[in-house]
Amino acid sequence: MFSVRRLSAVLLALAAAPWAWAAPAAATAIEVPVVQVRPQPVATGIEYDAVIQPVRQSTIAAQAAGRVVALLVKAGDRVKAGQVLATIDDRETQTGVQRSQAQVAQAEADLRNAKAQFDRTTELRQKGFVSQAALDSAEAQYKAALAGRDQAAAALRQAGLAQGYTRVTAPYEGWVLQTLADPGDLAAPGRPLLVLYAPRPLRAVVQVPASLDAVARSATRVEVQVPTAKGGAASWIEPTSRTALPAADPVAQTVEWRLDLPDAAASAVVPGQQVRVRFVGGSAERLVIPAQAVLRRGELTGVYTATEQGFMLKAVRLGADHGAAGIEVLAGLGRDDRVALDPVRAGLAGARPAAAAAAR
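Let us look at the structure shown here. Here the structure is a predicted model, which is why all the values come from computation and not from measurement. (Residues numbered from 1 in each chain as written. Predicted model: local features only at pLDDT ≥ 70, side-chain atom pairs only at ≥ 80, totals over all residues. Heavy atoms only, no water.)

Attention now goes to the packing of aromatic side chains. Enumeration over the complete set of coordinates arrives at 2 aromatic pairs. Ring geometry for Phe 118 against Tyr 142: centres 5.7 Å apart, planes inclined by 10 degrees, an arrangement best described as stacked. A residue pair is termed long-range when its members are at least 10 positions apart, and Phe 118 in helix α2 (residues 91-127) and Tyr 142 in helix α3 (residues 132-164) qualify at 24 residues. Accessibility expressed as a relative area gives 21% for Tyr 142, which makes it partly exposed. When the centroid spacing of 5.1 Å and the interplanar angle of 75 degrees are considered together, the rings of Trp 257 and Phe 279 count as edge-to-face. Of the two residues, Trp 257 is situated in strand β16 (residues 254-260) and Phe 279 in strand β17 (residues 274-289); the sequence distance between them amounts to 22 residues. Taking the relative accessible area as the measure of exposure, Trp 257 reaches 5% and is therefore buried. One residue, Arg 56, lies across the ring of Tyr 172, its end atom 4.5 Å from the ring centre. (Phe/Tyr/Trp six-rings, centres within 6.5 Å; stacked < 30°, edge-to-face > 60°. Helix = DSSP H or I, 4+ residues; strand = E, 2+ residues; numbered from the N terminus. Buried < 20%, exposed > 50% of the residue type's maximum accessible area, 1.4 Å probe, protein only. Lys NZ or Arg CZ within 6 Å of the ring centre and 35° of its normal.)

Printed below as a string of structure tokens:
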């Protein structure tokens, strides 16, 4: 093994060697495409944060009383329409079904007896052996038995419904967002058990200040900024429909707007995600740069600008994202600056602007 003294001697020898620290050969120049920044017309308006919400979201509650025997799903599970989500102790409802079945059997027996009595009385009346009053009494007993049979059958159907309420099922295909009960909890009619939502359609819900509601209503176009399905740059899309509630929130003093998203855009967002909504009212010239030219390193936001010596990193303050038009620059760049379209390569040693600069 090398001792500390021998290791130090080796390092000194390497440092003294004329070839040890020779300067590397000049790096091959790296050409990076640049674009000249110029003002261009972009859509203007007011922007607000919005939240993605499902159009169909349901709080599934119990319709029968009893202990929760089993909760068959958990948050994040996908369920189909009619799938059993939870079961409730059904011993009491089973007893009700059996009691109703016995009442139906008794009512049918009474009906058969009353029908036979009515038929015999009718025959005797035709022969003149009984009075009309006896026939009317037998007919009344028969109709009462018939009504009793119908009443017992209705009670049996009601008991069957109560029995079915002990099996909580999904009203439509969707995802379980939240569970609000555990096995062993006491269920009661109206007590929430879980929250279910349909993945399609989705909508963006934005709260517009009541003082600017008139401006939002007069906008020529409403757009929602959503990311692409593959995680690329966000794009502005128009909702399929928009609805503004006719009243303002008395506390927040905002008006709720609901913007339904097309299915293609809804596949890139999830409920609860925050997006931007823009009410476009016109256009104006703004200094914009391509989104690919922006370099983000922690809290630093900058671009590489072309100089005679290569590239220089400049910090910039960005504004609104105008999608394909680019990102607005509020400070840090001039109208004639040229920025690198590949900031990573522009930061390498020997990087130079490409010979032909694209005009923007």
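Right, let's talk about the side chain of Gln 225 for a bit. Tracing the chain through its elements places Gln 225 in strand β13 (residues 221-226). A relative accessible area of 13% places Gln 225 in the buried class. Setting aside anything within four residues of it in sequence, one finds Gln 225 in contact with Ala 234, Ser 235, Trp 236, Val 275, Arg 276 and Asp 321. (Contact = heavy atoms within 4.5 Å.)

What follows deals with the nonpolar core. Counting 23 residues, the largest nonpolar core has Val 206, Val 224, Trp 257, Val 275, Val 277 and Phe 279 as its most contacted members. Counting residues per element, the ones that place at least two in this core are β3 (39-54), β12 (202-209), β13, β16, α5 (263-266) and β17. Considering every element that reaches this core, the biggest residue donor is β12, with 4 residues. In this structure Val 275 touches Tyr 48, Asp 49, Ala 50, Ile 52, Ala 204, Val 224, Gln 225, Val 226 and Val 269, once residues within four positions along its chain are discounted. (Core = buried A, V, L, I, M, F, W, Y, C linked by side-chain atoms within 4.5 Å.)

A few words now on the pattern of salt bridges. Tallying each qualifying case throughout the model produces 15 salt bridges. Of the charged contacts in the structure, one is a salt bridge between Glu 47 and Arg 276, with a shortest N-O distance of 3.2 Å. Of this pair, Glu 47 sits in strand β3 while Arg 276 sits in strand β17, and the two are 229 residues apart along the sequence. Taking relative accessible area as the criterion, Glu 47 reaches 21% and is therefore assigned partly exposed. Here Arg 276 ties to Asp 49 by a salt bridge, and the two come within 2.8 Å at their closest N and O atoms. Of this pair, Arg 276 sits in strand β17 while Asp 49 sits in strand β3, and the two are 227 residues apart along the sequence. A relative accessible area of 28% places Arg 276 in the partly exposed class. In this structure, a network of salt bridges that share partners links the residues Arg 221, Glu 223, Glu 238 and Arg 278. (Salt bridge = Lys/Arg side-chain N within 4 Å of Asp/Glu carboxyl O.)

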